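Structural overview for review
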Amino acid sequence: MPTRSLNLLLRDICRLTGADWAAWLSLEGPTWSFWAVYGLTKAQQRTLLTYLQQPQLRRWLESISASGKRSTRRIALNKKEVPAVRLFVFPETVGSRLLVVGASALTAEGRRLWQSLSEGGYLLGEETESFDRNALSELWASSYLPGALDRLLELFLASLECSAGWFSILAGESLEVRACRHCGEGQPLPLRLEMNALWRRILDTGQPLVLSPAWPEWSILPQPCCGVKARFWLGQALLIGKRPIGIVGLWLEEEPSRQLYRRVQKLAREYAPLIESSIIFADVSEHLRRLALLNDFFLGLSSDIDAKAMARRLLWLLRRAFYTERAWIFLQWREGGGTWGYGLRPDGSVMEIESAPIPENALKERIGRWSSLDTESAHPPFYAGSQSALVVRLASPQHVWGFLGVESERESAFGVYDEHFLSVIAAYFVSLLENRQLQQETEARARKLSLIHDVVEQTLGSLDVRQVAQTAAELIAKNFSYELTGIALSEGDDFKLIGVGGSACHALSQALQDTSFPVREGIVGRVLETGESLLVNDVKLDPHYLPLPGWDAGSELCVALKDGETVLGAIDVESSRTHAFTQSDVLMLESLAGILGSVIARARQYQDLRSTVDELELARLELQQRMVAQQAAETRLFQAAKLAAVGEMAAGIAHELNNPLTTVIGFTELAFESPNLPDEVRSDLAVVLQEAKRARSVVRRLLDFARQTESVRTRCDLNEIVADALMLTHHLLRTGGITVHTRYTESLPWVSVDSNQIKQVILNLVHNAMHAMPEGGDLFIETFAQARRGHPGVAVSVRDTGVGIPQENLGRVFEPFFTTRADKGGVGLGLSVSYGIIVDHGGEIDVFSQVGQGATFTIWLPVESEV
């Protein structure tokens, strides 16, 4: 074979199998050389040969050549040096050449193709005794083209000087005659292995078998033409190694000799790889052609094409895929879409089919294949003169759409591969039909949802139940073209027709005027009782139907209006036609009823809510009066607590200060009356008298503060209020070993407060701090400006270093009568009264404490904006 033709052959197989490159290596002396190559540059060829000359790789290649078994190995070169990742090596059956393929991966079918090529490679060698080498070389170069099998058969027969014969190839459990020369028509094809042991015996033994007309099996053989004189038939298995791929049958005029046996066996072994290669290439080419047709068909379909146009295009696809003008399709569209079909005419045009070409029960399986048809068979041909047919049922799990079929004028024109291909086409086409049907249903539901939205939009804002019912009835009839629509709702213990709509609403309007109209009877009554939707396609066949005077109904649909499990009423629609409503109408009305039921329930709840609001308003007024009384009681309570606190301090101060102060002042005044007092002594006595009188004024101010007075709020400086309070407790703090640290913020905004009440709060906090530090400590008092929740204000914090407050008591410190000093005379009113004073001033008081680290009380008072 010319090297150029062989290179082209390697190129085509590389493209079919996805290989990067391929080369035939020949062992010439101690080195390997390229006999044929594709996909490698000269530099890459030199790199590959150098790589393969490595001792380890050379021994590996020689072992493959000796064993005759294919092998694979990863390449230790990068892709720039030699493309691909792995080496796939296929040795020739006879000879010393190796077929080396570079690829990332090869499929099983691809490996089989390269194996077939390598097994036939020795036919291109130097020694060829049985046939013309030049003719076979040309045939090998075109063995993957259409018609190669017929050319192989011609050369096979010519080599044996035989005029008639055939090649049959294994296909499942049968032999298919793929090439035939001078054989008659109308033979029983394919040749079933299970029907006669002759074919199995030839394949199993691998030895030639000769038959004469006296043998019973003679009648099952594909007979030669009338012009061929055949007295014997010779059958030989086509083997690749020990694997049979088919049978060659020869018609002979004379009984074959042993020499002819050997020549047939040798030729069969030599031709088997070529036959398989040509079949593989033919099958692959046909498969790719059909896939291309299938791809073009589905790519050419747009989303808006209708089912009939898809069916016509499908027939043109079958015409090109199966080379036949005999193709048809019949469909049964769902939900009232009717039945229709199409078939091809001899000129390729499309004709309409009025009835199904095959009864549904005639096709027991999903697909049927008939090799020989007649008018009395289970599937009579749709086209006159058809001898074979292939029919597939177009079906999804939910629906049988129809049938798709192709026919041929030849017997056994369709094989297993054709079944699979037609099944794929049918599955895709059913999927398209399902999607188209789903798209149409989705579009219809979208339109209905838009109309439902219109109904809901116009009824949602109404709080009048009767208005909601009437508006909904009119819109339902208008939007969905219902002739009669009625809405019944519960009123008290009964149901009444509230809303009517539609072109025939006069019948229901008349029923509304009749107060005795039995709403609880008929189909509506059944729905009101059960709460389940009810569709009656023919009311004349339903004994529960309640006729309306002046209205001749054909079908009726009724759904319940519910709020949860409570039936509020029903929506009823009627038509003068039978079977006027579908499940789509049921779903649409149920969806609308769910929304309207909620609207009606909410409207009724609103009416009930209005009554509840009136009752709550009365309760609010009563509660307000109680709050006023409670506030007065609290005022009296904290006033009593204030007096008690002042009384306690007054008693202490009187005990500690009054007697000494009286004595000091008296004796100081007496001392002033002495005429001989030195000036420096008189000056000192003046200071003593001044301070004693100042102390007495403190006692008087305390007594003024303790007197019962009405709350009077004035604008005050918080710093002055705090300073006055500290002055009242100055003596107690000093004698208790407590050091006071003050920090007053200058220019604080003034607050409108009752200064005496705020002083009481400060005094309560200072007293609590004193009790928390029985051994003395530090008291920190700070004033500052602070805004809370966007409102300006001032604050004062009182922090001690005492024992602190446990976490479990922090939430209760402002409760009345809660105290931790009950054993020491505490009554638990100080902080509760302080809390009430601050809240009454619109302020806040909070506390932070940790046991052993003291407590911090912060008072915040709002600042009124100046007008």
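Just so it is clear, the model here is predicted, and its values are computed rather than measured.

**Considerations on the overall build of the protein chain**
When helices and strands are counted, the protein chain shows 20 helices and 29 strands. Counting only residues that meet the buried cut, the protein chain has 46% of its 867 residues in that class. Of the contacts made within the protein chain by residues no fewer than 6 positions apart, 61% connect residues no fewer than 24 positions apart. With the model as given, the accessible surface of the protein chain reaches about 45,000 Å², and the carbon-plus-sulfur share is 52%.

**Comments concerning the pattern of salt bridges**
A side chain of one charge can pair with a side chain of the opposite charge when the charged atoms of the two come close. Following the criterion strictly, the structure yields 16 salt bridges and no others. Residue Arg-369 is joined to Glu-419 by a salt bridge in which the shortest nitrogen-to-oxygen separation is 2.4 Å. Separated by 50 residues along the polypeptide, Arg-369 in strand S15 (residues 367–370) and Glu-419 in helix H10 (residues 416–459) bring together distant segments of the chain. A relative accessible area of 18% means that Glu-419 is categorised as buried. Measuring nitrogen to oxygen at the nearest pair gives 2.7 Å for the salt bridge that ties Arg-788 to Glu-844. Taken as a pair, Arg-788 in the loop between strand S26 (777–785) and strand S27 (793–800) and Glu-844 in strand S28 (residues 844–849) lie far apart in primary sequence, 56 residues in all. Judged by its relative accessible area of 15%, Arg-788 falls in the buried class. Each of the salt bridges in this network shares a partner with another, and the network as a whole consists of Arg-788, Arg-789, Glu-844 and Asp-846.

**Notes on the sheet that holds strand S22 (residues 566–575)**
Here five strands make up an open sheet; going across it, the order is S19-S18-S22-S21-S20 and the pairing antiparallel. Each edge of the open sheet carries a strand with a single partner, namely strand S19 (494–501) and strand S20 (534–536). The mean inter-strand angle of the sheet, taken between neighbouring strand axes irrespective of direction, is 20°. Contacts from helix H11 (residues 465–479) reach strand S18 (484–491), S19 and S22, with the element oriented near 45° to S19. Across the sheet, helix H13 (residues 522–530) touches S19, S20, strand S21 (555–563) and S22, and the angle it forms with S21 is around 30°.

**Quick look at the packing of helix H16 (residues 718–728) against helix H18 (residues 755–772)**
Closest axis-to-axis distance for the H16/H18 pair is 9 Å, and the angle between their directions is 50°. Here H16 is positioned oblique relative to H18, judged by the angle of their axes. For the pair H16 and H18, the sense of crossing is right-handed. Of the residues in H18, those in contact with Ile-721, Val-722, Asp-724, Ala-725, Leu-726 and Leu-728 of H16 are Ser-755, Ile-758, Lys-759, Ile-762, Leu-763 and Val-766. Considered class by class, the residues forming the contact of H16 with H18 number nine nonpolar, one polar and two charged.

**Some points on the confidence of the model for the protein chain**
Any segment with low pLDDT has predicted coordinates that should not be analysed in fine detail. Summarising the model, the protein chain shows a mean pLDDT of 78, and 80% of its residues fall at 70 or more. Residue range residues 704–708 is modelled with pLDDT below 50. Its contacts to residues more than four positions away, or to other chains, number 11 contacts.

**A look at the packing of aromatic side chains**
Per the stated rule, a full pass over the model turns up 12 aromatic pairs. Taken together, a centroid distance of 6.0 Å and an interplanar angle of 70° make the contact between Phe-322 and Phe-414 edge-to-face. Remark: Phe-414 occurs in the loop between strand S17 (400–408) and H10 and Phe-322 occurs in helix H9 (residues 307–322); sequence separation between them is 92 residues. Judged by relative accessible area, which is 9%, Phe-322 ranks as buried. Note on Phe-382 and Tyr-383: the rings are 4.9 Å apart at their centroids and 85° apart in plane angle, and the pair reads as edge-to-face. Here the aromatic cluster, defined as three or more aromatic residues joined through ring pairs, consists of Phe-156, Phe-167 and Tyr-271. The ring of Tyr-342 carries the charged tip of Arg-312 above its face, separated from the ring centre by 5.6 Å.

**Focus on the packing of H18 against helix H20 (residues 830–840)**
Each pair of packed helices gets described by two things: the angle between the helix axes and the distance between those axes. Direction vectors running N to C along H18 and H20 enclose 145°, while the axes themselves pass 9 Å from each other. Of the two elements, H18 crosses H20, and the hand of that crossing is left-handed. Between H18, through Gln-757, Ile-758, Gln-760, Val-761, Asn-764, Leu-765 and Asn-768, and H20, the contact on the second element is made entirely by Gly-830, Leu-831, Val-833, Ser-834, Ile-837 and Ile-838. A class-by-class count of the residues in the contact of H18 with H20 yields seven nonpolar, six polar and no charged.

**Concerning the sheet that holds strand S13 (residues 339–344)**
Reading across the sheet, the six strands line up as S14-S13-S12-S17-S16-S15 and stay open at both edges, with antiparallel pairing between neighbours. The open sheet has two edge strands with one neighbour each: strand S14 (350–353) and S15. Across the sheet, the axes of successive neighbouring strands diverge by a mean angle of 15°, strand direction being ignored. As paired strands, strand S12 (residues 327–332) and S17 are joined by five bridges and run antiparallel to one another. Each residue of the ladder has a partner; that of Ile-329, found in S17, is Leu-404. Against the sheet, H9 engages S12, S13, S14 and S17, with an angle of about 30° to S13.

**A closer look at the pairing of S28**
Going residue by residue along S28, you find Ile-845, Val-847 and Ser-849 tucked away on one face and Glu-844, Asp-846 and Phe-848 left uncovered on the opposite face. Pairing geometry for S28 and strand S29 (residues 855–862), over six bridges, is antiparallel. Along S29, the bridge assignment pairs Val-847 with Phe-857.

**Quick look at the nonpolar core**
Counting residues in hydrophobic clusters, the biggest one holds 42 residues, and the most contacted among them are Leu-318, Ile-329, Leu-394, Leu-404 and Phe-429. When contributions to this core are tallied by element, the ones reaching two or more residues are helix H8 (258–299), H9, S12, S13, strand S16 (388–395), S17 and H10. Here this core takes nine residues from H9, the largest share from any one element. If sequence neighbours within four positions are ignored, Ile-329 has contacts with Ala-311, Leu-314, Leu-315, Gly-341, Tyr-342, Ile-353, Leu-394, Phe-403, Leu-404 and Phe-429. Core analysis: the second largest hydrophobic core is formed by 41 residues, Ile-738, Val-751, Val-766 and Val-863 among them.

**Some remarks on the side chain of Ser-423**
In this fold, Ser-423 is placed in helix H10. A polar atom in the side chain of Ser-423 sits 2.8 Å from the backbone oxygen of Glu-419. When near neighbours in sequence (up to four residues on either side) are disregarded, Ser-423 contacts Arg-366 and Ile-367.

**A few points about unusual backbone geometry**
The backbone of Glu-161 shows a phi angle near 55°, a positive value even though the residue is not glycine. Within the secondary structure, Glu-161 is located in the loop between helix H6 (148–160) and strand S6 (164–171). The phi dihedral of His-579 is positive, around 55°, even though this residue is not glycine. Along the chain, His-579 turns up in the loop between S22 and helix H14 (583–672). Look at His-579 and you get exposed, because its relative accessible area is 56%.

**Looking at the environment of Thr-17**
Residue placement: Thr-17 occurs in helix H1 (residues 3–17). For the pair Thr-17 and Leu-113, spaced 96 residues apart in the sequence, the C-alpha separation amounts to 8.2 Å. Among all residues touching Thr-17, those that are not within four sequence positions of it are Leu-106, Gly-110, Leu-113 and Trp-114. A distance of 3.1 Å separates polar atoms of two side chains, one belonging to Thr-17 and the other to Trp-114.

**Quick word on the environment of Phe-88**
The residue Phe-88 is located in strand S4 (residues 86–91) in this model. On a C-alpha basis, the gap between Phe-88 and Val-101 in space is 5.0 Å, while along the polypeptide they are 13 residues apart. Sequence-distant contacts of Phe-88, that is, excluding residues within four places in its chain, are made with Ser-71, Thr-72, Leu-99, Val-100, Val-101, Ala-103, Ala-105, Leu-106 and Arg-111.

Conventions adopted
Residues numbered from 1 in each chain as written. Predicted model: local features only at pLDDT ≥ 70, side-chain atom pairs only at ≥ 80, totals over all residues. Heavy atoms only, no water. Helix = DSSP H or I, 4+ residues; strand = E, 2+ residues; numbered from the N terminus. Buried < 20%, exposed > 50% of the residue type's maximum accessible area, 1.4 Å probe, protein only. Contact = heavy atoms within 4.5 Å. Areas by Shrake-Rupley, 256 points an atom, 1.4 Å probe, with all protein chains shown as cover. Salt bridge = Lys/Arg side-chain N within 4 Å of Asp/Glu carboxyl O. Pairing = 2+ DSSP bridges. Axes fitted to C-alpha atoms, helices over the stretch in contact; angles between N-to-C directions. Parallel < 35°, antiparallel > 145°, perpendicular 65-115°, else oblique. Left-handed = near helix turned anticlockwise from the far one by under 90°. Nonpolar A, V, L, I, M, F, W, Y, C, P; charged D, E, K, R; others polar. pLDDT = per-residue confidence, 0-100. Phe/Tyr/Trp six-rings, centres within 6.5 Å; stacked < 30°, edge-to-face > 60°. Lys NZ or Arg CZ within 6 Å of the ring centre and 35° of its normal. Core = buried A, V, L, I, M, F, W, Y, C linked by side-chain atoms within 4.5 Å. Polar contact = N/O pair within 3.5 Å; in protein donor to acceptor, adjacent residues only side chain to side chain.

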